[in-house]
Amino acid sequence: CMMREISGINEMEHRLKSLLNLHEIVIVPGNSDESPWVKEELGRATASSMKRRLKGNTTIAVTGGSTMASVAEMLTPDLTSSETLFVPARGGIGEDVKNQANTICSKMAEHTKSRHRVLYVPDQVSKEVYKSFLKEPMIKEVLTMIKSANMVLHGIGDAITMAERRKTSEADYQKIIDGQAVGESFGYYFNEEGEVVHKVPTIGLQLEDLSHIEHVIAVAGGSSKAKAIRSYMKSAPSSTVLITDEGAAKALLKG
Ligand code: F6P
């Protein structure tokens, strides 16, 4: 549209797409660090990107976070006419209830009149308890659904912000600091080179599963996330679609 051309957003999308080696990028106006309504715009843009891609029955794996929560708010029953199932991408990785993948999946299902499943895995359990969890038929069933997802929606966060927001143990926190992590996604912490320096051990989707998934949509905005986005994109599958905002885009292009 006219607005996008005047503000130079189309050109920014073009430059950022080749800089980050992305399949597709959408930049919404504004900076979500400064204006809360920008997260709603990220949500709206994600909804329309999903709509364009959804054909036939789809299982959508979703991560947690406030950005994903605003995506959930923007979904409507006309998202798709086919069967859709929302599942959390991974087991518990320490978010508040409203920002947990389980909660977000149930919101997404409610707003689109589709189905969802939950995966409750506590964060701090012994290896033995963890192993017996994996034998539970209900958990096994959800894990199978996650592994067969054909769309993934995920957030990206600043590494230190995420380590602090989660109940990260002192040893792991130190590992994140020592590894000079700047970005986080799916419970993986990345340094500036895009190397994994720490991983939150949990069941569900693993980083290596992403390359087998047809549609991967990453949603992250705000100038404070520029470093995080850059680091994550270094190891992200090339099929990734990035939905971001002007704040992050400008900071990324500045380098
Ligand atoms: O904890 C789930 C998660 O998706 C992280 O992987 C990501 O770093 C974070 O949430 C993003 O949260 P927010 O959208 O609130 O910045």
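For clarity, every value in this text was computed on a predicted model and none was experimentally measured. (Residues numbered from 1 in each chain as written. Predicted model: local features only at pLDDT ≥ 70, side-chain atom pairs only at ≥ 80, totals over all residues. Heavy atoms only, no water.)

(A) Structural detail: unusual backbone geometry. If you check the backbone angles, K113 has positive phi at about 55 degrees while not being a glycine. Here K113 is to be found in the loop between α5 (101-112) and β4 (115-116). Using a relative accessible area of 70% as the deciding quantity, one classes K113 as exposed. A positive phi is found at Q180, a non-glycine position, where the angle reads about 55 degrees. Within the secondary structure, Q180 is located in the loop between α9 (170-178) and β7 (181-185). The exposed category is assigned to Q180, whose relative accessible area is 63%. (Helix = DSSP H or I, 4+ residues; strand = E, 2+ residues; numbered from the N terminus. Buried < 20%, exposed > 50% of the residue type's maximum accessible area, 1.4 Å probe, protein only.)

(B) Molecular detail of the sheet that holds strand β1 (residues 24-28). The parallel open sheet is built from seven strands, whose spatial order is β1-β11-β10-β5-β2-β3-β4. Taken across any chain shown, the strands that pair with only one partner, and hence form the sheet edges, are β1 and β4. Contacts from helix α10 (residues 226-233) reach β5 (151-155), β10 (215-219) and β11 (240-245), with the element oriented near 175 degrees to β11. (Pairing = 2+ DSSP bridges. Contact = heavy atoms within 4.5 Å. Axes fitted to C-alpha atoms, helices over the stretch in contact; angles between N-to-C directions.)

(C) Spotlight on the site of the ligand. The environment of the ligand is formed by 16 residues, the closest being S66, T67, E95, E184 and K225. For the ligand, an oxygen atom lies 3.0 Å from a polar atom in the side chain of R165. With respect to the ligand, the side chain of R166 contributes an N or O atom lying 2.9 Å from an oxygen atom. For the ligand, the protein covers 96% of the area, taking 400 Å² as the surface of the free molecule. A molecule is said to occupy a pocket when more than half its atoms come within 2 Å of that pocket's grid points, and by this definition the ligand occupies the largest pocket. Elements that contribute at least two residues to the shell around the ligand include exactly α4 (66-74), α8 (159-165) and β7. Of the residues belonging to the shell around the ligand, the class tally is three nonpolar, eight polar and five charged. (Near = heavy atom within 4 Å. Polar contact = N/O pair within 3.5 Å; in protein donor to acceptor, adjacent residues only side chain to side chain. Areas by Shrake-Rupley, 256 points an atom, 1.4 Å probe, with all protein chains shown as cover. 1 Å grid on protein atoms, 1.4 Å probe; cavity = no way out; pocket = protein on both sides within 12 Å on 5 of 7 lines; lining within 4 Å. Sits in = over half its atoms within 2 Å of the grid points. Nonpolar A, V, L, I, M, F, W, Y, C, P; charged D, E, K, R; others polar.)

(D) Representation of the sheet that holds strand β9 (residues 196-199). Spatial ordering of the open sheet is given by β6-β7-β8-β9, a layout of four strands whose pairing is antiparallel. Each edge of the open sheet carries a strand with a single partner, namely β6 (157-158) and β9. The pairing of β7 with strand β8 (residues 188-191) spans four bridges and is classified as antiparallel. Note on β8: the bridge partner recorded for S185 is Y188. In the packing of α9 onto the sheet, contacts are made with β7, β8 and β9, and the angle to β9 comes to roughly 165 degrees. Helix-sheet contacts for α10 involve β6, β7 and β8, and the interaxial angle to β7 is about 70 degrees.

(E) Local environment of the confidence of the model for the chain. The predicted model of the chain averages 94 in pLDDT, with 97% of residues at 70 or higher. Note on the complex model: pTM 0.96, ipTM 0.99. (pLDDT = per-residue confidence, 0-100.)

(F) Structural view of helix α11 (residues 246-254). Of all the residues in α11, the buried ones are E246, G247, A248, A249 and L252. Residues of α11 that are buried sit in contact with α2 (9-19), β1, α10 and β11. G255 occupies a position one or two residues after α11 and carries a positive phi of about 80 degrees.

(G) The arrangement of the environment of S18 in detail. Locating S18 in the fold gives a position in helix α2. Judged by relative accessible area, S18 falls into the exposed class, the value being 60%. Along the sequence, S18 and N191 sit 173 residues apart, while their C-alpha atoms lie 21 Å from each other. Within the local environment of S18, its side chain forms a polar contact with the backbone oxygen of R15, the two atoms lying 3.2 Å apart.

(H) Highlighting the environment of L16. Among the secondary structure elements, L16 is positioned in helix α2. For L16 and A249, which are 233 residues apart along the polypeptide, the C-alpha to C-alpha distance reads 7.2 Å. If we skip the residues at most four places from it in the chain, L16 touches N21, L22, I25, I27, A249, L252 and L253.

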